[in-house]
Amino acid sequence: MITEIQGSWSLVLGVSSGFGRATARALAARGGNIIGVHFDTSDGAEAAAKFAGELRDLGVSAHFFNLNAASASTRSEVIAQAAEMTGAQGVRIVLHSLAFGSLLPFVPTPEKPEVITSRQMAMTVDVMAHSLVYWVQDLLAAGLLPRGAKIYGMTSAGSTQVLDSYGAVSAAKATLEAHLRQLAAELAPRGVAVNALRAGTTLTPALDKIPNSAEYAELCRARNPHGRLTEPEDVAEAIVLLSMSDSSWLTGNVIGVDGGELLTA
């Protein structure tokens, strides 16, 4: 059955920039209420607070938490308040869009003698992959994942491709996809759909941190059949469309939102 976003609640992890920001705006434009988690300091925190105000100007509720989304204490605090805000309605949409990890190579070179440590590797995979499982576990325990809920995790072509110094993030994306498949199977009896969204190359703050990202982006732009890069709004639109159904039959997939970029890679 096709349903409306209006009046529903969404939890956006990584709400202050990139895909999280665009998705929160798109859902709010449809009348959806937003619970957002971000981790910013100084100017970033001010910008996030301003963004929350912009969403509220659309006539919806928007509650942001400037906390580490990978922390157990953050999950406890946010979920307790989400239970109060959403009541019996629960959370209709969960978006995991956390981009925080190490971009160091595995082996040294004369140009890059510093290599990734075990602590940095573990942190990258924990934040960008394992944390989704823990959020789902706690949301479920709190009774906040009703039948018809949708869970999305942001992956990339880097889960199967090799990019300069992207090894730890690639491992995190591959792990995230595995977690999403497992969650899809285990949550199917509850009527909750779980999918990975494989965005095309997008000009986001996360991409800027990757070595030689500008040159890589231009290569992707040139080969994309649409003649442009993916934009955060492309992903936001896909999430809105996929979420306008209470069916859980579309689940366990890696859905490409890239304008055909991977077809010509």
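Residues numbered from 1 in each chain as written. Predicted model: local features only at pLDDT ≥ 70, side-chain atom pairs only at ≥ 80, totals over all residues. Heavy atoms only, no water.

Colleague: When you look at the packing of aromatic side chains in this model, what are you seeing that I'm missing?
Modeller: How two aromatic rings sit relative to each other is given by the distance of their centres and the angle of their planes. Throughout the structure, instances matching the rule amount to one aromatic pair. Plain terms: the ring middles of Phe51 and Phe64 are 5.9 Å apart, the flat faces sit at 50° to each other, and that makes the pair tilted. Taken together, the positions of Phe51 in helix α2 (residues 43-56) and Phe64 in strand β3 (residues 62-66) put the pair 13 residues apart, joining distant regions of the chain. In this pair, the class of Phe51 matches that of Phe64, namely buried. Sitting above the plane of the Phe51 ring, Arg21 keeps its charged end 4.1 Å from the centroid. (Phe/Tyr/Trp six-rings, centres within 6.5 Å; stacked < 30°, edge-to-face > 60°. Helix = DSSP H or I, 4+ residues; strand = E, 2+ residues; numbered from the N terminus. Buried < 20%, exposed > 50% of the residue type's maximum accessible area, 1.4 Å probe, protein only. Lys NZ or Arg CZ within 6 Å of the ring centre and 35° of its normal.)

Colleague: Got a minute to help me understand the sheet that holds β3 in this structure?
Modeller: Strand-to-strand pairing in sheets goes through backbone hydrogen bonds, with the strands running parallel or antiparallel. With respect to topology, seven strands assemble into an open sheet ordered β3-β2-β1-β4-β5-β6-β7, the strand pairing being parallel. Two strands bound the open sheet, and with one partner strand each, they are β3 and β7 (254-257). For this sheet, the mean angle separating the axes of adjacent strands, direction not counted, is 20°. When strand β1 (residues 9-13) meets strand β2 (residues 33-38), the two strands line up parallel, connected through five bridges. Note on β2: the bridge partner recorded for Trp9 is Asn33. Taken strand by strand, α2 contacts β2 and β3, and its axis lies near 165° from that of β3. (Pairing = 2+ DSSP bridges. Axes fitted to C-alpha atoms, helices over the stretch in contact; angles between N-to-C directions. Contact = heavy atoms within 4.5 Å.)

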